[in-house]
Each structure stands twice: as C-alpha cells, then as structure tokens.
Amino acid sequence: MLNIEIDGKPLEVEHGSTIIDAADAAGIAIPRFCYHKKLSVAANCRMCLVQVEKFNKPLPACATPVADGMKIYTRSKAAVEAQQSVMEFLLINHPLDCPICDQGGECDLQDIAVAYGASGSRYTEEKRVVFNKNIGPLVSTDMTRCIQCTRCVRFLKEVGGMQELGMVGRGEHAEITAYVDQSVNSELSGNIIDLCPVGALTSKPFRYSARSWELTRRSSIAPHDGLGSHIEVHVKDHKVMRVLPREKESINECWLSDRDRFSYEGLNSPDRLKVPMIKHNGQWQETDWKTALEFAAGQLKDITKQYGGDALGVLVSPNSTMEEGYLIKQLSEGLGCGNVDYRLRQTDFRLDGKRTGTPWMGCNIQEIEELDRILLIGSNIRNEHPLLAQRIRKAVANGAELCIVSPLDNDPLMDVAHKVIVRPNDMVNVLGQILKAMSGLQKLSLCLPPTLNTLLEEIKVRPNTQKIAECLAGISEELILIAPKVGIFLGNMALSDPRFTEMYSMAEAIGGITGAKGGILPPAANSTGMHLMGVMPSATGMHARAMIEVPRKAYLLLNIEPELDCQHAALATDAMAKAECVIALTAYKSAALENADILLPIAPFTETSGTFMSMEGRVQSFQAVTRPLGECRPAWKVLRVLANTLGLNGFDYNSSEEVKNKIFHGEKPSALVWRSLNNNLKELVEIQINIKKEGLQRIGEVPQYESDPIVRRSPPLQKTKYNIRPMARMHADQLTELGLQDGDLVVAYQDKGSALLKVRLDNHVAKGCVRVAAAHPLTAGLGDLMGDITIEKASTEHAALYEKQLTEMA
Amino acid sequence: MAEQTTKMATRKSSSAKKAARPVVMTDLTGQTLVTLRTLNEKNPASLATYEKLGGYAQLKRLVTEKIKAPEIINQVKVSNLRGRGGAGFPTGLKWSFMPRYYDGTKYLVCNTDEGEPGTFKDRDIIRYNPHQLIEGMAIAAYTLGARVGYNYIHGEIWQDYEIFEAALAEAREAGYLGENLFGSNFSFDLYAVHGYGAYICGEETALIESIEGKKGQPRFKPPFPASYGVFGKPTNVNNTESYASIPWIMQHGGQAFADLGVPNSGGSKLFSVSGHVEKPGNYEIRMGTPFKELLEMAGGIWKGRQLKAVIPGGPSTAVMPARAIENATMDYDGLSKAGSSLGAGSMIVMDDTTCMVKTLKRLSYFFYEESCGQCTPCREGTGWVYRIIERIVDGKGKMEDLDLLTDLSNNISGRTICALGDAAATPVLSFIKHFRPEFEYYIQHGKSMVDGK
Ligand SMILES: Cc1cc2nc3c(=O)[nH]c(=O)nc-3n(C[C@H](O)[C@H](O)[C@H](O)COP(=O)(O)O)c2cc1C
Ligand code: SF4
Ligand code: SF4
Ligand code: FES
C-alpha cells in the first residue's frame, strides 16, 4: 500500500494504481473522456489533467501511476486551468447543437462542459465537418461530434477481438472510420454506443424516438442466452424504447450483447398476438379469455379422458421463467401427462436418469478469466454466448491457451492454441484420442467401463490431438504449468448432437484426469432453471424428440414456434398438423403456428414478472417493466387460470412471487441450487466411439439472431450480416467431391423432407459436413440439426420454385 | 487523400533541401571530422573506404576482447555525448536504463527520420558515411545486448536510403552483421525501415509504432522504450548522429570526445545551416564554437544583407533576434543562456527582408499539418493557431489575436502526449515575444511592415 494525498485528503492506495483509480475509489471527481476502466489507457483527451507536486506540468490522472508520498491537486489553479483549456479545445470544433443531438441530456461532453467550460467561445474560425459513415443497422454515426477519444476503437479491438474501427488521417483531419465499405460486425457492437462520450455514435433503432429524460428506467434480466445479463429497460408510454446494460461485474460487467440490446424491437412487432384466438373451421377468430380458456380446458379434458394423459405433449421454451415451468409441469401432472420437456433442440436423451443433478456450466462466469487452459467442444461461442466469448478472450489475453474440437472452424477472434475440426461423428473419436493421450501422459490406469477401455485401445492418437492433451496437462511450448486450471465446456452443437452422451462422457473423463471445471453451456436464459423445475418427462413420459416423432393427439406449447424451435423441424410441423388440438401460449401470431387451434396471448419478459436461473446457477427474478399489450396476460396467470378451469387443485397463486416461494419452499434459492447443481453421472454409460464414416452430416446451427421468437422479430438484428439466408455451406474439397460450385442451387434431403438452398463455399466447415442454418422457414422442411443429409444438384423446376419461395418470403 | 497531399507538400520542401547543396567542412582550424570522417575520400560510402580509415576496428576489438558493457557505457558517459535528435539527453545515461538481464529479444532503433524543416544532417551521415552508423549501432547492440536493430529512414529520401541498404549488404557480407560475429556468441541483425515521410514518426514512440506496422502515433510515456519498445520489448532509441559518434569515442576515448567540446556539451556536432546565407549546408564543428564563426563558414548573410533572426535548432526551438544570438556559442548551455536551445542543430538564418508574420504562418502550418491528431490540445490547438495567423496575413487580424495566440500556445504546451505540442507552441510564443511590433503593424495595416505586401 502507498500513502498519497489528493486535494489534501490522505489516502492509502494499492501499488500500481493510477491517480484516477485512487480518486475514483475515494469519490473525488476527475473529469475524463478517453479513460474507461475496462479499456487500455490512451491518455489522449487530456481532460483528466491534474497538478502533482514536484512536477512542473500537469499530468494525466488516467495514465499516471501513484508513487508513495505523492501529493495531487485536482482543483488547484494549475489543474483547473489545464482542464478548462482542454475543454475549450474540445468544444471549438464541436457543433454545440445539443438540442438536435440524440445524445443530448446524457452526454459526457455536455455535462463536463457545464462544469469546466466557459459560457462563451473565443473561437471564431470555421468549424470542421466530418462526413458520417454507415457502419451497419445498429449504430448510427454523427462524426462531426466525435472527439477522437478512441474508446470505440479500443473496445472493438480489445473486447470485441477485432479492430473494426480505426482513426485515419492526421491532426484535425483525423477521422474514426470502419474499413472501406465495411460495417461494424461485432456481436458486441452496441457497446460502443454506451462508450462514446458524445453523440457521435448513437443507437440507430432508438435515434430520435425519445429524449433521455422522458424515459423511465427499470431493471430486468436479459432473456436470450444463459448468462442472465443485467439490463436496464427504458420505457416511455408503456412502450420499451431501448435496452441498456446494467453493470454487473460478475456477469456482464458493463457490457451487453447486441442480441440482448436490440431484441426489444421485436417486442413491438406487428406480429404480436393481442387477443385470444380460436380456429373455427380453419378460420381464426378473435375471442375473449373466458371463452378461450374454457375451450382449451374442454379440449384438454376431452382428449386426455378419451386417449389418456399420454396423448398430450407439452413443449416448453427454455426461455420461459421458472414459475411458468413449474406451473406447466404441475398442470401436466394434473392431467396425468408425463410428456413434458424443455430440451427442444436435443436429440440424444440417453443420459436421462443417469444424472445426479442439474447440469450447468460447472463454474462461475467470472472464473473463466482465471483459467489457464480451455477446451471448447462443439461450440461456436461467439454465436451462442457473445459475452462468454469475451470472457474467454480475456483469459486468452492473460495467457490462457484455448483448444477447440468442433465441426466448425469459426474465428473466435482470439488466439487458438490447438484445434481439431472434424465431422460431428468423428468428434467422439477425437475426444477419445485426447483421453488416451492424456492417460499416457499421466501414466494413469483409467477407471473406465471395460468397453471404453477396449475401445480406447483401438484408437490411434494423432499429433494434433496429442498436442491438445499436452496443453490440457499443462505442457506447452514455452513452459510447463503444474496443475493448470482447466475448463472444459460443451456448446450447442454438442448438445444437439445424436452422440451427445459420448461427448459428455468423454469430456467428463478428460475433466476427471485434469481436475477440470466445466460442463455444458446451457443455451437459453432458463435452461438450468427448467431442469431444476423438472420440466422433463416422467419415468414413463416422452422427451421432446419422441413427442414429435410419435405424434400426440394434442399439444400444449409454451412460448415456442415448433418448426423453428425444435430439433427436427419437419417432424415438428408434421406432428402439429396431425394433432387434433394444439394450444399455444404465445406472444406472437406466427406462420409457424398455423397448425394451432387455440392461441392464448402471453406477455413477453418485459410485461411479466418471473425468475430465470442462469448457466452458473444464479437465480434472478425480475418485474414487469411495462403493462401487457392488449389482452396479453403473464403466462403464469394463464396457466393458473387454465388449471383452475380444468378443476385442478393447488393453483391458487396470486403472484409469481408466491409461485417462486412454493418452488423454493420459502428457502433462500441458493440453498436449493447448491444441492441441485451437479454435472456428475451416477454411472458411466456404454458408449460407442467409432461411428459411421460415410455420408454427409448436417451442421444445423441456430444463428444468433434466430434463436427465439423475440429476436426473430427484431428488424435491426435481422438486418445485420449475421442474418443471411440459410445456404448449403461446404468446404472447397467437399464441393469438388460433389461436383458443385459456389452459387449452385441444390436440394438438401433429410429424412422425408427437403430444402432448396444455394451453395456457398465455406472453408470453416469440416469436410464431410454441410452447414445449413436452422430456425428459418427456408429450412423448415429439414430434419435433425446434427444429422445425416444428402445434397443433390437442383433441376430447372427447382430453380423456378426457389425464386417463388424467395418472392413469397419477401 | 489528406495523407497524400501532405506527402506531396513535403516532397516539395525536400527538393528545396536538395537545392541547398550541403557544403560539409570541418571547423576553421581543420579539426578531425567525427561523424563524417570519410567525406574527403573518393568513395566515401564504401566499406573499403571506411575500413581504410580504421572502420569496424573498434567493434572487432570490443567484441573479441570481450570488453564489458559497463566499461563501454562509462566511456560514453565520460564523452558527454548528448542525444543529437533534439532533446539532448545524455546518451550514456540512456544506455544505462536498458535492462541488463532480460529473457527475450532486446531491440536497437536508430532514428533517421529527420523531418523538421531545416534539418538535413542525418541524411548526409547515411549518404557519405553509412558504415560508421552501422558500426556505432553494432557497438551499441553489443553493449546493450540487443539482437535486432532497425534504422528508420525518412520516407522522402530515396537515394540515401538505397545507399544505406547497400552498405548494410556490404557489412553483412563482410561479417560485421549477422550471427556469431568474429566467432563470438554476439549476433546482431540490422535492417533499414523506410518510412512514409510523416514528421511525427521522428518521435521515438511513434517511430516504434510505425516499425511495428501501425499508424505512427506517439505512445504515452512512461513506459519508456527502454522497458516497452518495439513489439513491447526493451528498446534503445538514438539519433543517427548519436550512434555515428560512438566508434570515434571508442577509438579515442570518452575524454577526447568531451574535450572536443565544452563542459556539458561533449564532442563536435553537425549543424545544418539553411536560409539566407551564402553557403548553406552541413557543418561539423566543435561544440562551443561561436555563432559568428559558424556564420562566417557558411559565407555570411547573403546578398550583403543584415542578419535579422536565427532559429538555432530547428523550428521547435525559439527564434532569436540578431542581438540575442550574435554573441552566443553553439552548444547546449550557450544557446540556452541566450534564450533558445540547440535542438537538432538546424540553424535557419533570416535576413532583414524576412516578414516574421508570414514566416510564422508557414511554421504554424507545418505543425498543424503534422500533428498526429491524437491528443486534444495539439489536434485542436494547432489548427486554431494556424487559422488565426492565416487570418492576420489575410488582413483580417484583430489586436486581441496576439494575446489569444499566446494564451492558446501556453494551453497547448506541456499538456500533450508528445513534444510536438511544445514544438508547435514555441515558434508562436517566441515570434510574438521578439517581434510583436511587426505583428501589430500587420494587424493595423493589413500588410507586412517588411515587404509592404
Ligand atoms: C515531434 C517530434 C519529432 C522528432 N523527430 C526526430 C527526428 O526526426 N530525429 C530524431 O533523431 N529525433 C527526433 N525526435 C526526438 C526523438 O523522440 C528521440 O528523443 C530521439 O530520437 C532520441 O535520440 P537521441 O537521444 O540520440 O537524441 C523527435 C521528437 C518529437 C517530439
Ligand atoms: S466516435 Fe465516440 S467513442 Fe469513438 S472516438 Fe469518437 S468520440 Fe470517441
Ligand atoms: S502532441 Fe500532437 S503529435 Fe503529439 S501525440 Fe498529441 S496530437 Fe499527436
Ligand atoms: S481521461 Fe486521461 S487523458 Fe483522457
């Protein structure tokens, strides 16, 4: 600790801190523009100049480390003169037309100018004008307002992982710009809006729609990935106007992914279902709640009475709340139905009954930064959990080594130490190789099931897999780490794979040897919560996949669009079409619900209260930030009244809090969570290592802006480059083998279904695979996300059909 | 676009430099040349010439006799050699800042980026005596444990760059650069880097950024290059003339070098004399030589006119009216006592037909155009200052402008990331201080007091 003095106040500060750190900790205000605690120090704005004893010129507080005995004056004549002069310089070329600037009212320059600026200007020369740049559908630019602080540049480079903005030109001609004709494509790009201290970068969707002081700010939790990021929702006249991050160091720090920031535009979509609807003779009719609920209850009763509870299938979105999950589970039980599931994009359920608890990520989000070695299995991490990717990027910047086993070679925008890119079928073998190499390194005799031991004997360890094993063991080119902190995580592609059980078991075995932390990366906001609530089939019940494979007489859908949210789109559509009755609790009236019979309008997360449990087991409740649109009702209420109408007992909740209390038995949630989270298996399962070698495999990734009904309806997100139409993406060698070329039209067949797709050369795809995005109407005829697929060149009739499809979609 | 126009504009000024054909000579007494000792030979830049004059003998001696680094650094300290790039920082002291034990590559960088108007001495070193620079750098590399070196050469000098590349090839061929020199375990690779002509790339940390392939923008210091330089590794940066002095110091000893000059300013120094003199060019003279003597060597004021003012060390040093410089001596203390500084030794001489208002306009334009734009006071201030002076020259000046100019310059100075801010303020402050009536006249009459235009 060092002893210093700021403005006469004696302080004890940590060695290595800067003057601005010390002042911030002591609550002494120093003005600043370029400094940001999460970015490297640029010291270019010079606004933070302070006087330091024994120095003949003012020093920038943001870049000056404290020394023992230092005496600092932030308000002395010399300091204030320096600050005022910098303020004057900053303002000479600034437009000073705050009334027409979108940042007005929440602008650092405006605020600091009030405190440090003069009332008039001595500048009478001509002002500089800088042309605006179009950097994409999310961020709007007003470059004449830019004060060249380079926060945006540093953010994209250091946090986003790729320098997408830079300063070109010198002196007064210096301008912030993107690469020629390029937009800013980072999935974290919205953060530069928050970082920009002036109105140079503002939100394109929000721009000019409200003034900051007209907005009511309410706290909530982001609902699109497993992180549980803290958000602040800004509301005007009961409408969500924008979403900003709420600082939470241990989860989202001060950032937010673009998906969580801009999805709100989907809340105001014209697709919103505002009144209950019933289909009569193939025609949709609006109705009132009472009629709708009575009709729905009647249908449920009739069908379960006639065919048994088993005839009903209940499919639940993992983005729904714990309360909703709990109630729908109770309701199903009340109807004698054990077919309930939230794992809509899973196909391998062999681990059911073998788990000792709720699977989770196996460590805290913040701990990722401290890992020395990270193995990602089947995860396109930037697509799945953008902010988690950012944490891993930090770990890598701190010296961690990242290894990847995946069918996709997407650039994670950080250094990858070792990677093996293979067909999903071969991933199990690769993990087996790592395990075998590992046991060789550690000279361990593994306690593995005999069949696995025999299987491992057959496996040949390849050099690059050997490297991964060595890396995880702590051996690398430069030095040997004794007992490195290892994290092993399975992502969405692994979770959707028909051999998830094998991958999971291998990962667990490797983790056992390395003493790794880790687990699965639950894809949705409440995946872990749904598992904890037991929103899964009863011992005799059917899982999500079985429910659509063997069609049910009736379905109860919570917050899903079956063909877009299920593992097997074609089966899902088919099952819905065949059912006698489909009851959908939904916020949207969508084409994907054409086969439904009753639509009950429920409130999206902004219009209801509830609880999510995040990937790290954090139980976070939130309140409604606006009132429900039209006749929408919170889903927990709808489920409660539906249960009441069905005459079921035990549904007399008056608030979501009461449901929550029931769930946690009035205990602190952490107590239950602590008892429940567990990635261990009761027993190892028999596994197969060498699987079918021939044939093409589909990699059916869900693009991040197609992941759930809300984001699918956010126009700005849909305009980003991530939202390009699904194509059949293949490696160059694969194209040669099939005699295809980039741009060709092909028919992709899976099971009985097919899709017409354009071919795209994509060397990031493993050979033997076709990457065809899911959750899109164009691929709704296809099957398993990670399954066998065949590709054929399209005929001329197909070409005409394709054109027709395109016009229809437009 | 902006970059390109700047380059073209400076191109023009560089051909102006060429017109001022350097007459290089020793001082009036015929003292031995230090950094240009091959000059009077037939093929001054060739290896054979340099070897004939004892070149590379010092490098060989130090390496083969395994002379210890502290001993070499001590000689450099004794020599009183101060950095010739402008700041005058004692070279021996700078060398002692390099971390002795470091697990990784250390770098050596030579600054041949001279881009300040009126500065053209380093160019003559690489043109006429490149091997002495190479030897100097190799000795520094041996002393400081640097494995790799770069010589960053100004973007607008092509022929000289090629001469230096040729010298590098010769030195590599002859075994003065490369691996295990003279059979020892000392290895040193040296490369030339050709810049693009930005003045700011002469600032050592901007130069380092530029070597790394980035836009040349100064870094905030600390950390200094000695701890965080090229690619984040410990790096020693010196000026061309500084390195080129080293072989002489090693040959004759630090004391002999110190004795060439005066206390606090060791050795001889190259002065680039330009402006209104009969014989503009580079003059290598002993430190402490009277100004009058240097002026005489340069043939005196041209066309029989009178001396009006001198910028003694380049535009970043304060202008001196004739009376202030006339009795000064050309060394660090001498010039600082007389109210300016030695800078890089770029002496710009102005006769009595010079309009100081228009001269200042040109100088301010230079700094305005060359500011890297990174930090607020320099980016905004240099443009503001230039526009005011431009307005004055256009006949639209106001009396308050003079105080405003002074105030703005004081607000730039000392508040920026690098010294370009101070450099931009110095001419404004010193011109107005010494020639205020000329500015007032211009504002009142809308035309120059000197040329009436
Ligand atoms: C704007 C600016 C331009 C500079 N240009 C040069 C230059 O062209 N050549 C040079 O040697 N030093 C230049 N310097 C000084 C260097 O930063 C550095 O101090 C010098 O290269 C160190 O070498 P020395 O100690 O041998 O003088 C410049 C400094 C500034 C602030
Ligand atoms: S655009 Fe904003 S954040 Fe970026 S440099 Fe300019 S003022 Fe700073
Ligand atoms: S003082 Fe000028 S040149 Fe130096 S860093 Fe700042 S803006 Fe760039
Ligand atoms: S905040 Fe310190 S220089 Fe910008």
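Residues numbered from 1 in each chain as written. Chains lettered and ligands numbered in written order. Predicted model: local features only at pLDDT ≥ 70, side-chain atom pairs only at ≥ 80, totals over all residues. Heavy atoms only, no water.

An unreviewed UniProt entry lists chain A under the name NADH-quinone oxidoreductase, with Methylophilus aquaticus as the source organism. As stated in UniProt under Sequence similarities (unreviewed entry), the record for chain A gives "Belongs to the complex I 75 kDa subunit family." Reading the Function (unreviewed entry) entry of the UniProt record for chain A gives the comment "NDH-1 shuttles electrons from NADH, via FMN and iron-sulfur (Fe-S) centers, to quinones in the respiratory chain. Couples the redox reaction to proton translocation (for every two electrons transferred, four hydrogen ions are translocated across the cytoplasmic membrane), and thus conserves the redox energy in a proton gradient." (UniProt positions renumbered as here; feature names shortened; annotations may be inferred.)

Q: Help me understand the site of ligand 2, please; the structure alone is not making it clear to me.
A: For ligand 2, the set of nearby residues contains 13 residues, the closest of which are A:Cys146, A:Cys149, A:Thr150, A:Cys152 and A:Cys196. In the shell around ligand 2, the residues fall into eleven nonpolar, two polar and no charged. (Near = heavy atom within 4 Å. Nonpolar A, V, L, I, M, F, W, Y, C, P; charged D, E, K, R; others polar.)

Q: Even after reading the chapter, I still don't get the sheet that holds strand β3 (residues 49-52) of chain A, so can you show me in this structure?
A: Pairing between the strands of a sheet comes from backbone hydrogen bonds, and it takes one of two forms, parallel or antiparallel. Residues and elements named next belong to chain A. Here five strands make up an open sheet; going across it, the order is β2-β1-β5-β3-β4 and the pairing mixed. Bordering the open sheet on either side are β2 (9-13) and β4 (59-60), each of which pairs with just one other strand. Pairing of β3 with strand β5 (residues 71-73) involves two bridges; the strand directions are antiparallel. For Gln51, the partnering residue across the bridge sits in β5 and is Tyr73. Relative to the sheet, helix α2 (residues 77-92) contacts β3 and β5, its axis offset from that of β3 by approximately 160°. (Pairing = 2+ DSSP bridges. Helix = DSSP H or I, 4+ residues; strand = E, 2+ residues; numbered from the N terminus. Contact = heavy atoms within 4.5 Å. Axes fitted to C-alpha atoms, helices over the stretch in contact; angles between N-to-C directions.)

Q: Is there a simple way to explain the interface of chain A and chain B in this structure?
A: A common measure of how large an interface is: the accessible area buried when the components associate. Listed by partner, the interface residues are 34 residues for chain A and 35 residues for chain B. Joining chain A to chain B, the criterion identifies five salt bridges. Here B:Glu380 and A:Arg128 are joined by a salt bridge, their closest N and O atoms 3.0 Å apart. Joining chain A to chain B, the criterion identifies 20 residue pairs in polar contact (both at pLDDT 80 or more). When contributions to the side of chain A that touches chain B are tallied by element, the ones reaching two or more residues are α2 and β7 (165-168) of chain A. Take the side of chain A that touches chain B: its biggest share by element is eight residues, from α2(A). When the residues that make up the side of chain A that touches chain B are grouped by side-chain class, the tally is 16 nonpolar, eight polar and ten charged. (Salt bridge = Lys/Arg side-chain N within 4 Å of Asp/Glu carboxyl O. Polar contact = N/O pair within 3.5 Å; in protein donor to acceptor, adjacent residues only side chain to side chain.)

Q: I would appreciate a short explanation of the domain arrangement of chain A in the present structure.
A: Residue and element names in this part refer to chain A. Domain boundaries in chain A define domain 1 (212-266), domain 2 (289-354 + 527-676), domain 3 (366-520) and domain 4 (696-809). For domain 1 versus domain 4, the distance between C-alpha centres works out to 32 Å. Taken residue by residue, the interface counts eight residues in domain 1 and eleven residues in domain 4. For the pair domain 1 and domain 4, the summed buried area comes to about 750 Å², and 66% of that belongs to carbon and sulfur atoms. Per-residue buried area on domain 1 facing domain 4 is highest for His224, Arg259 and Gly266; these three make up 56% of the total on that side. Put simply, domain 1 and domain 4 have zero salt bridges between them. On the surface where domain 1 and domain 4 come into contact, there are four residue pairs in polar contact (both at pLDDT 80 or more). Its residues assigned to classes, the side of domain 1 that touches domain 4 comprises two nonpolar, three polar and three charged. (Domains from an automatic or database assignment. Buried area = accessible area lost by both parts, 1.4 Å probe.)

Q: Even after reading the chapter, I still don't get the UniProt feature "domain: 4Fe-4S His(Cys)3-ligated-type" (unreviewed entry) in chain A, so can you show me in this structure?
A: This chain's UniProt record puts "domain: 4Fe-4S His(Cys)3-ligated-type" (unreviewed entry) on residues 78-117 of chain A. End-to-end, the C-alpha atoms of residues 78-117 of chain A are 15 Å apart, and along that stretch the chain is 60% helix and 0% strand.

Q: Looking at this model, I keep getting lost on the packing of aromatic side chains. Mind explaining?
A: In this description, a pair of aromatic rings is defined by centroid distance and the angle of the planes. Counted according to the given criterion, the structure contains 22 aromatic pairs over all chains. Each ring, one from A:Tyr123 and one from B:Trp384, has its centre 5.1 Å from the other, and the planes form 80°; the classification is edge-to-face. Of this pair, A:Tyr123 sits in the loop between α3 (108-116) and β6 (139-141) while B:Trp384 sits in helix α16 (residues 376-393), on two different chains. Summarising the burial analysis for this pair, A:Tyr123 and B:Trp384 share the class buried. By the ring-pair criterion, three or more aromatic residues cluster together here, those being B:Tyr50, B:Tyr56, B:Tyr176 and B:Phe182. (Phe/Tyr/Trp six-rings, centres within 6.5 Å; stacked < 30°, edge-to-face > 60°. Buried < 20%, exposed > 50% of the residue type's maximum accessible area, 1.4 Å probe, protein only.)

Q: Would you explain the pairing of strand β14 (residues 283-286) of chain A in this entry?
A: Looking along a regular strand, one sees the side chains alternate between the two faces of the sheet. Residue and element names in this part refer to chain A. Of the strand pairs in this sheet, strand β13 (residues 277-280) and β14 are connected by four bridges, and their pairing is antiparallel. Residue pairing across strands places Lys279 opposite Trp284, the latter belonging to β14. Here β13 hands over to β14 after two residues, with Asn281 in that stretch at a positive phi of 50°.

Q: Where do I start with the UniProt feature "domain: 4Fe-4S Mo/W bis-MGD-type" (unreviewed entry) in chain A in this structure?
A: UniProt feature "domain: 4Fe-4S Mo/W bis-MGD-type" (unreviewed entry): in the numbering of this structure it lies at residues 215-271 of chain A. In residues 215-271 of chain A, helix accounts for 9% and strand for 35%; the two terminal C-alpha atoms are 25 Å from one another.

Q: For this particular structure, what's the right way to read the sheet that holds strand β11 (residues 346-351) of chain B?
A: All names here are of chain B. In spatial order, the strands read β6-β5-β11-β8-β9; together these five strands make up an open sheet with mixed pairing. Looking at strand neighbours, the two that pair on one side only are β6 (281-286) and β9 (320-321), the edges of this open sheet. Note that strand β8 (residues 307-311) and β11 share four bridges and pair antiparallel. Residue Val310 lies in a different strand from β11, and its bridge partner there is Val349. Of the strands in this sheet, β8 and β9 are in contact with helix α18 (residues 420-445), which crosses β8 at around 155°.

Q: Would you mind showing me how to read the nonpolar core here?
A: As a rule of thumb, soluble globular proteins bury nonpolar side chains together. In this structure, A:Leu165, A:Leu331 and A:Met361 are the most contacted members of the largest nonpolar core, which totals 124 residues. For this core, the element with the most residues is helix α7 (residues 289-307) of chain A, which contributes seven residues. Once you skip the residues sitting within four places of it in the chain, A:Met361 turns out to touch A:Ile368, A:Leu388, A:Phe489, A:Gly518, A:Gly519, A:Ile520, A:Leu521, A:Pro522, A:Met615, A:Glu616 and A:Asn679. In this structure, B:Leu36, B:Ala146, B:Ala226 and B:Ala244 belong to the second largest nonpolar core, which totals 56 residues. (Core = buried A, V, L, I, M, F, W, Y, C linked by side-chain atoms within 4.5 Å.)

Q: Please explain the site of ligand 1 as it appears in this structure.
A: All names here are of chain B. In the vicinity of ligand 1, 18 residues are found, and the nearest of them are Gly85, Lys94, Asn238, Asn239 and Ser242. In this structure, Gly85 approaches ligand 1 through a main-chain N or O atom, which is 2.7 Å from an oxygen atom. Here ligand 1 has 610 Å² of accessible area as a free molecule, and 89% of this is covered by the chains. Take the shell around ligand 1: its biggest share by element is three residues, from strand β4 (residues 235-239). (Areas by Shrake-Rupley, 256 points an atom, 1.4 Å probe, with all protein chains shown as cover.)

Q: Teacher, can you tell me more about the packing of helix α4 (residues 69-78) of chain B against helix α7 (residues 130-144) of chain B here?
A: Describing two packed helices takes the angle between their axes plus the distance from one axis to the other. Residue and element names in this part refer to chain B. Relative to each other, α4 and α7 sit at 130°, their axes nearing to 8 Å. By the angle between their directions, the pair α4 and α7 is classed as oblique. Like other packed secondary-structure pairs, α4 and α7 cross with a definite hand, here left-handed. Between α4, through Ala69, Ile72 and Ile73, and α7, the contact on the second element is made entirely by Ile139, Tyr142, Thr143 and Leu144. The class makeup of the residues in the contact of α4 with α7 is six nonpolar, one polar and no charged. (Parallel < 35°, antiparallel > 145°, perpendicular 65-115°, else oblique. Left-handed = near helix turned anticlockwise from the far one by under 90°.)

Q: Hey, could you run me through the pairing of strand β15 (residues 312-316) of chain A in this one?
A: All names here are of chain A. Extensive coverage of β15 is indicated by the burial of five of its five residues. Residue alternation in β15 divides its side chains into two sets, Leu312, Val314 and Val316 and Gly313 and Leu315, and both sets are buried. Here five bridges tie β15 to strand β22 (residues 554-558), and the two strands are oriented parallel to one another. Directly across from Leu315, in β22, lies its bridge partner Leu557. Where β15 meets strand β16 (residues 340-341), two bridges bridge the pair, whose relative direction is parallel. In the sheet register, Leu315 faces β16, and the bridge partner there is Asp341. What joins β15 to β16 is helix α8 (residues 322-334), and the crossover it makes is right-handed. (Right-handed = clockwise from strand over helix to strand, strands pointing away.)

Q: What is the right way to read the environment of A:Thr645 from this model?
A: Residues and elements named next belong to chain A. With respect to the helices and strands, the residue Thr645 is situated in helix α20 (residues 635-645). Judged by relative accessible area, Thr645 falls into the partly exposed class, the value being 28%. Each C-alpha atom of the pair Thr645 and Ser538 lies 24 Å from the other, and the pair is 107 residues apart in sequence. For Thr645, the contacting residues outside a window of four places in its chain are Leu293, Glu294, Ala297 and Lys301. For Thr645, the side chain forms a polar contact with the main-chain oxygen of Val641, separated by 2.5 Å.

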